[in-house]
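Take a look at the letters that make up each chain.
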Amino acid sequence: MNDMIQVENLTKVYRSFKGAKEVKALDQISFTAAPGEFIGIMGPSGSGKTTLLNVLSGVDHPTSGEVIIAGNAMDKLKRDAMALFRRRKIGYVFQDFNLLDSLTLKENIALPLILDRIAPKEIEQRVDELMAFFGIADLANKYPYHVSGGQKQRAAAARAIVTNPAVCFADEPTGNLDSKSATDIMGMLTQMNEERASTILMVTHDPFAASYCKRIIFIKDGQINLQIQSSGDRKAFFDKILEILSVMRGEA
Ligand SMILES: Nc1ncnc2c1ncn2[C@@H]1O[C@H](COP(=O)(O)OP(=O)(O)OP(=O)(O)O)[C@@H](O)[C@H]1O
Ligand SMILES: [Mg+2]
(Lines give C-alpha, C1' and ligand atoms only; values in the text may rest on other atoms or scores of the structure.)
(Ligands and ions follow the chains in the order given, each with its own letter.)
Protein backbone atom coordinates (compact mmCIF):
# COMPACT_ATOMS: atom_id res chain seq x y z
CA MET A 1 0.00 0.00 0.00
CA ASN A 2 1.15 3.55 -0.65
CA ASP A 3 2.40 5.73 2.19
CA MET A 4 -0.18 7.92 3.89
CA ILE A 5 2.41 10.57 4.69
CA GLN A 6 5.58 11.26 2.72
CA VAL A 7 7.92 13.95 3.93
CA GLU A 8 11.00 14.82 1.97
CA ASN A 9 13.80 17.20 2.97
CA LEU A 10 11.36 19.38 4.85
CA THR A 11 12.90 22.65 5.98
CA LYS A 12 11.25 25.56 7.75
CA VAL A 13 13.07 28.79 8.41
CA TYR A 14 11.31 31.48 10.41
CA ARG A 15 12.48 34.89 9.28
CA SER A 16 11.84 37.54 11.86
CA PHE A 17 11.28 41.19 11.17
CA LYS A 18 13.88 43.94 11.52
CA GLY A 19 16.96 41.86 10.96
CA ALA A 20 16.47 39.58 13.95
CA LYS A 21 18.20 36.24 13.67
CA GLU A 22 16.42 33.65 11.57
CA VAL A 23 15.52 30.31 13.11
CA LYS A 24 15.80 27.02 11.24
CA ALA A 25 12.99 25.15 13.01
CA LEU A 26 13.03 22.15 10.63
CA ASP A 27 16.20 21.04 8.92
CA GLN A 28 15.87 18.53 6.07
CA ILE A 29 13.37 16.20 7.72
CA SER A 30 12.44 13.08 5.73
CA PHE A 31 10.24 10.17 6.77
CA THR A 32 7.19 8.21 5.68
CA ALA A 33 4.15 6.89 7.53
CA ALA A 34 2.10 3.92 6.35
CA PRO A 35 -1.70 4.04 6.57
CA GLY A 36 -2.83 3.19 10.09
CA GLU A 37 0.49 3.95 11.79
CA PHE A 38 0.49 5.55 15.24
CA ILE A 39 3.61 7.68 15.55
CA GLY A 40 4.85 9.73 18.49
CA ILE A 41 7.02 12.79 18.04
CA MET A 42 9.27 13.61 20.98
CA GLY A 43 12.07 16.09 21.53
CA PRO A 44 13.15 19.02 23.67
CA SER A 45 11.22 22.27 23.84
CA GLY A 46 11.95 24.34 20.75
CA SER A 47 13.13 21.33 18.71
CA GLY A 48 10.47 21.91 16.02
CA LYS A 49 7.64 19.52 16.92
CA THR A 50 4.73 21.96 16.62
CA THR A 51 6.31 23.44 13.51
CA LEU A 52 6.42 19.95 12.00
CA LEU A 53 2.71 19.31 12.68
CA ASN A 54 1.78 22.77 11.36
CA VAL A 55 3.70 22.26 8.13
CA LEU A 56 2.42 18.69 7.63
CA SER A 57 -1.19 19.74 8.20
CA GLY A 58 -1.02 22.77 5.92
CA VAL A 59 -1.50 25.24 8.79
CA ASP A 60 1.89 26.67 7.78
CA HIS A 61 4.08 26.47 4.65
CA PRO A 62 7.54 24.91 4.49
CA THR A 63 10.51 26.94 3.29
CA SER A 64 11.55 23.98 1.15
CA GLY A 65 10.90 20.29 0.80
CA GLU A 66 7.80 18.31 0.08
CA VAL A 67 4.81 16.96 1.98
CA ILE A 68 2.54 14.40 0.31
CA ILE A 69 -0.54 13.28 2.24
CA ALA A 70 -2.83 10.55 0.91
CA GLY A 71 -1.23 11.07 -2.49
CA ASN A 72 -1.75 14.86 -2.52
CA ALA A 73 1.30 17.10 -2.82
CA MET A 74 0.40 19.85 -0.37
CA ASP A 75 2.23 22.61 -2.23
CA LYS A 76 0.30 21.84 -5.42
CA LEU A 77 -3.11 22.39 -3.82
CA LYS A 78 -4.73 25.75 -4.52
CA ARG A 79 -6.07 27.72 -1.57
CA ASP A 80 -9.68 26.49 -1.75
CA ALA A 81 -8.71 22.91 -2.48
CA MET A 82 -6.31 23.05 0.45
CA ALA A 83 -9.06 24.28 2.80
CA LEU A 84 -11.32 21.43 1.70
CA PHE A 85 -8.55 18.88 1.89
CA ARG A 86 -7.65 19.97 5.42
CA ARG A 87 -11.26 19.85 6.56
CA ARG A 88 -12.00 16.44 5.08
CA LYS A 89 -8.77 14.51 5.31
CA ILE A 90 -6.95 15.98 8.29
CA GLY A 91 -7.86 16.18 11.96
CA TYR A 92 -5.84 18.39 14.30
CA VAL A 93 -6.07 18.33 18.08
CA PHE A 94 -4.47 21.62 19.06
CA GLN A 95 -2.67 21.88 22.38
CA ASP A 96 -4.81 24.84 23.42
CA PHE A 97 -8.01 23.14 22.13
CA ASN A 98 -9.01 25.98 19.74
CA LEU A 99 -12.70 25.54 20.55
CA LEU A 100 -14.99 28.45 19.68
CA ASP A 101 -16.35 30.03 22.88
CA SER A 102 -19.59 31.15 21.26
CA LEU A 103 -20.58 27.60 20.30
CA THR A 104 -21.61 24.71 22.56
CA LEU A 105 -19.43 21.62 22.69
CA LYS A 106 -21.85 19.85 20.38
CA GLU A 107 -21.81 22.72 17.87
CA ASN A 108 -18.01 22.87 18.03
CA ILE A 109 -17.76 19.18 17.21
CA ALA A 110 -20.37 19.47 14.44
CA LEU A 111 -18.74 22.51 12.82
CA PRO A 112 -16.61 20.73 10.18
CA LEU A 113 -19.69 18.77 9.07
CA ILE A 114 -21.91 21.86 9.00
CA LEU A 115 -19.31 23.63 6.83
CA ASP A 116 -19.40 20.62 4.54
CA ARG A 117 -23.21 20.83 4.31
CA ILE A 118 -23.73 17.29 5.54
CA ALA A 119 -27.41 16.44 6.14
CA PRO A 120 -28.49 17.55 9.65
CA LYS A 121 -29.73 14.09 10.56
CA GLU A 122 -26.36 12.55 9.72
CA ILE A 123 -24.54 15.30 11.63
CA GLU A 124 -26.72 14.68 14.67
CA GLN A 125 -25.99 10.97 14.55
CA ARG A 126 -22.23 11.26 14.08
CA VAL A 127 -21.80 13.93 16.73
CA ASP A 128 -23.92 12.07 19.30
CA GLU A 129 -21.98 8.89 18.65
CA LEU A 130 -18.64 10.65 19.14
CA MET A 131 -19.75 12.52 22.26
CA ALA A 132 -20.78 9.18 23.75
CA PHE A 133 -17.48 7.63 22.63
CA PHE A 134 -15.60 10.43 24.42
CA GLY A 135 -17.84 10.36 27.51
CA ILE A 136 -19.10 13.93 27.15
CA ALA A 137 -22.67 13.28 25.94
CA ASP A 138 -24.19 15.04 28.95
CA LEU A 139 -22.15 18.19 28.21
CA ALA A 140 -23.50 18.62 24.66
CA ASN A 141 -25.14 21.98 25.33
CA LYS A 142 -22.45 23.45 27.57
CA TYR A 143 -20.06 26.16 26.38
CA PRO A 144 -16.29 25.62 26.53
CA TYR A 145 -15.87 28.04 29.44
CA HIS A 146 -18.30 25.95 31.51
CA VAL A 147 -16.38 22.67 31.29
CA SER A 148 -13.02 21.42 32.57
CA GLY A 149 -9.74 21.29 30.67
CA GLY A 150 -10.01 17.52 30.29
CA GLN A 151 -13.55 17.84 28.92
CA LYS A 152 -12.43 20.52 26.45
CA GLN A 153 -9.58 18.23 25.43
CA ARG A 154 -12.09 15.43 24.70
CA ALA A 155 -14.33 17.78 22.71
CA ALA A 156 -11.29 18.97 20.72
CA ALA A 157 -10.37 15.36 19.99
CA ALA A 158 -13.96 14.58 18.93
CA ARG A 159 -14.00 17.58 16.59
CA ALA A 160 -10.68 16.52 15.08
CA ILE A 161 -12.02 13.10 14.09
CA VAL A 162 -15.68 13.85 13.32
CA THR A 163 -14.97 13.84 9.58
CA ASN A 164 -13.22 10.45 9.83
CA PRO A 165 -9.94 12.00 8.71
CA ALA A 166 -7.33 9.86 7.05
CA VAL A 167 -4.70 11.51 9.21
CA CYS A 168 -4.95 12.92 12.70
CA PHE A 169 -2.34 15.26 14.19
CA ALA A 170 -2.37 15.81 17.93
CA ASP A 171 -0.13 18.31 19.75
CA GLU A 172 0.29 17.30 23.40
CA PRO A 173 -3.24 15.85 23.67
CA THR A 174 -2.55 14.80 27.26
CA GLY A 175 -0.73 17.98 28.30
CA ASN A 176 -2.13 19.39 31.54
CA LEU A 177 -4.46 16.42 32.06
CA ASP A 178 -4.64 14.30 35.20
CA SER A 179 -3.51 10.72 34.76
CA LYS A 180 -7.06 9.32 34.52
CA SER A 181 -8.00 11.73 31.72
CA ALA A 182 -4.65 11.14 30.00
CA THR A 183 -5.26 7.39 30.09
CA ASP A 184 -8.78 7.93 28.68
CA ILE A 185 -7.53 10.08 25.81
CA MET A 186 -4.78 7.61 24.94
CA GLY A 187 -7.27 4.74 25.04
CA MET A 188 -9.51 6.64 22.63
CA LEU A 189 -6.68 7.53 20.25
CA THR A 190 -5.65 3.87 20.27
CA GLN A 191 -9.21 2.75 19.57
CA MET A 192 -9.49 5.28 16.75
CA ASN A 193 -6.20 4.05 15.34
CA GLU A 194 -7.21 0.39 15.56
CA GLU A 195 -10.92 0.54 14.68
CA ARG A 196 -11.01 3.41 12.19
CA ALA A 197 -7.47 2.76 10.91
CA SER A 198 -6.63 6.47 11.24
CA THR A 199 -2.99 7.38 10.82
CA ILE A 200 -1.97 9.34 13.92
CA LEU A 201 0.98 11.65 14.58
CA MET A 202 1.11 12.75 18.18
CA VAL A 203 3.54 15.18 19.77
CA THR A 204 4.12 14.46 23.43
CA HIS A 205 6.56 15.12 26.26
CA ASP A 206 4.95 12.35 28.29
CA PRO A 207 6.64 8.93 28.11
CA PHE A 208 3.43 7.27 29.34
CA ALA A 209 1.40 8.72 26.45
CA ALA A 210 4.23 7.94 24.04
CA SER A 211 4.25 4.28 25.10
CA TYR A 212 0.88 3.85 23.33
CA CYS A 213 2.52 4.65 19.97
CA LYS A 214 3.92 2.03 17.64
CA ARG A 215 6.89 4.17 16.62
CA ILE A 216 8.59 7.23 18.10
CA ILE A 217 10.50 9.81 16.09
CA PHE A 218 12.86 11.84 18.28
CA ILE A 219 13.61 15.32 17.03
CA LYS A 220 16.47 17.54 18.05
CA ASP A 221 17.35 20.95 16.59
CA GLY A 222 14.89 20.45 13.75
CA GLN A 223 16.39 17.12 12.68
CA ILE A 224 15.41 13.50 13.21
CA ASN A 225 17.74 12.22 15.88
CA LEU A 226 16.49 8.67 16.36
CA GLN A 227 13.51 6.43 15.65
CA ILE A 228 12.35 3.47 17.69
CA GLN A 229 9.69 0.86 17.05
CA SER A 230 7.54 -0.87 19.64
CA SER A 231 7.58 -4.65 19.85
CA GLY A 232 3.97 -4.46 21.01
CA ASP A 233 4.88 -4.70 24.70
CA ARG A 234 3.84 -1.31 26.07
CA LYS A 235 5.70 -1.59 29.38
CA ALA A 236 8.95 -2.51 27.60
CA PHE A 237 8.43 0.39 25.16
CA PHE A 238 7.81 2.78 28.06
CA ASP A 239 11.11 1.70 29.71
CA LYS A 240 12.96 2.13 26.41
CA ILE A 241 11.52 5.64 25.95
CA LEU A 242 12.54 6.60 29.50
CA GLU A 243 16.05 5.32 28.87
CA ILE A 244 16.41 7.32 25.63
CA LEU A 245 15.05 10.48 27.24
CA SER A 246 17.53 10.20 30.09
CA VAL A 247 20.43 9.70 27.69
CA MET A 248 19.27 12.70 25.64
CA ARG A 249 19.00 14.85 28.74
CA GLY A 250 22.53 13.84 29.68
CA GLU A 251 23.79 14.91 26.27
CA ALA A 252 21.94 18.24 26.24
N1 LIG B 1 6.09 31.90 14.34
C2 LIG B 1 7.39 31.79 14.68
N3 LIG B 1 8.27 32.78 14.36
C4 LIG B 1 9.58 32.65 14.67
N5 LIG B 1 10.12 31.60 15.30
C6 LIG B 1 9.29 30.59 15.66
C7 LIG B 1 7.89 30.64 15.37
N8 LIG B 1 7.32 29.50 15.83
C9 LIG B 1 8.33 28.78 16.39
N10 LIG B 1 9.50 29.43 16.27
C11 LIG B 1 10.83 28.93 16.71
O12 LIG B 1 11.08 27.71 16.02
C13 LIG B 1 11.67 26.75 16.89
C14 LIG B 1 10.79 25.51 16.97
O15 LIG B 1 9.55 25.85 17.61
P16 LIG B 1 8.38 24.82 17.85
O17 LIG B 1 7.23 25.56 18.38
O18 LIG B 1 8.19 24.02 16.63
O19 LIG B 1 9.04 23.89 18.99
P20 LIG B 1 8.42 22.69 19.81
O21 LIG B 1 9.34 21.53 19.62
O22 LIG B 1 6.99 22.52 19.49
O23 LIG B 1 8.59 23.21 21.33
P24 LIG B 1 7.64 22.96 22.62
O25 LIG B 1 7.97 21.57 23.10
O26 LIG B 1 8.12 23.99 23.60
O27 LIG B 1 6.21 23.14 22.23
C28 LIG B 1 11.88 27.46 18.22
O29 LIG B 1 13.19 27.97 18.25
C30 LIG B 1 10.87 28.58 18.17
O31 LIG B 1 11.29 29.67 18.96
MG1 LIG C 1 5.19 22.80 20.55
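Computed from a predicted structure; not experimentally measured.

The rules behind each value
Residues numbered from 1 in each chain as written. Chains lettered and ligands numbered in written order. Predicted model: local features only at pLDDT ≥ 70, side-chain atom pairs only at ≥ 80, totals over all residues. Heavy atoms only, no water. Helix = DSSP H or I, 4+ residues; strand = E, 2+ residues; numbered from the N terminus. Rg over C-alpha atoms; globule rule 2.2 N^0.38 Å. Buried < 20%, exposed > 50% of the residue type's maximum accessible area, 1.4 Å probe, protein only. Contact = heavy atoms within 4.5 Å. Lys, Arg positive; Asp, Glu negative; His and termini not counted. Charge placed at Lys NZ, Arg CZ, Asp CG, Glu CD. Axes fitted to C-alpha atoms, helices over the stretch in contact; angles between N-to-C directions. Parallel < 35°, antiparallel > 145°, perpendicular 65-115°, else oblique. Left-handed = near helix turned anticlockwise from the far one by under 90°. Nonpolar A, V, L, I, M, F, W, Y, C, P; charged D, E, K, R; others polar. Salt bridge = Lys/Arg side-chain N within 4 Å of Asp/Glu carboxyl O. Near = heavy atom within 4 Å. Polar contact = N/O pair within 3.5 Å; in protein donor to acceptor, adjacent residues only side chain to side chain. Areas by Shrake-Rupley, 256 points an atom, 1.4 Å probe, with all protein chains shown as cover.

A. Just the overall build of the protein, in detail. Check the secondary structure of the protein and you find eight helices and 10 strands. In terms of C-alpha radius of gyration, the protein reaches 18 Å, essentially the compact-globule figure of 18 Å for 252 residues. Across its three principal axes, the protein shows a C-alpha extent of roughly 50 × 45 × 45 Å. Taken over 252 residues, the protein has a buried fraction of 48%. In the protein, of all internal contacts separated by at least 6 residues, the share reaching a separation of at least 24 is 68%. Distance from the positive charge centre (30 side chains) to the negative charge centre (30 side chains) of the protein: 4 Å.

B. Quick look at the packing of helix H3 (residues 105-115) against helix H4 (residues 120-133). Relative orientation of the contacting elements H3 and H4 amounts to 130°, with a least axis distance of 10 Å. By the angle class used here, H3 and H4 are oblique. Viewed along their axes, H3 and H4 form a crossing whose handedness is right-handed. Residue-level inspection shows Leu 105, Lys 106, Ile 109, Ala 110, Leu 113 and Ile 114 of H3 in contact with H4, the latter providing Ile 123, Glu 124, Arg 126, Val 127, Asp 128 and Met 131. Classifying every residue of the contact of H3 with H4 gives eight nonpolar, no polar and four charged.

C. Inspection of the pattern of salt bridges at higher detail. For the structure on display, the rule yields 15 salt bridges. Lys 235 is paired through a salt bridge with Asp 239; the nearest N and O atoms lie 3.0 Å apart. Pair noted here: Lys 235 and Asp 239 are both in helix H8 (residues 234-251), with a separation of four residues, about one helical turn. Take Lys 235: its relative accessible area is 53%, and that puts it in the exposed class. Since its relative accessible area comes to 36%, Asp 239 is described here as partly exposed. It is possible to trace a salt-bridge network through shared partners that takes in Glu 66, Asp 75 and Lys 76.

D. Layout of the site of ligand 1. As a structural note, the neighbourhood of ligand 1 is formed by Tyr 14, Val 23, Ala 25, Pro 44, Ser 45, Gly 46, Ser 47, Gly 48, Lys 49, Thr 50, Thr 51 and His 205. Gly 48 is positioned with one of its backbone polar atoms (N or O) 3.0 Å from an oxygen atom of ligand 1. In this structure, His 205 approaches ligand 1 through a side-chain N or O atom, which is 3.3 Å from an oxygen atom. In the complex, the protein chains occlude 60% of the 630 Å² of accessible area that ligand 1 would expose alone. Going through the elements one at a time, strand E2 (23-33) and helix H1 (49-57) are the ones with two or more residues in the shell around ligand 1. A per-element tally of the shell around ligand 1 places H1 first, with three residues.

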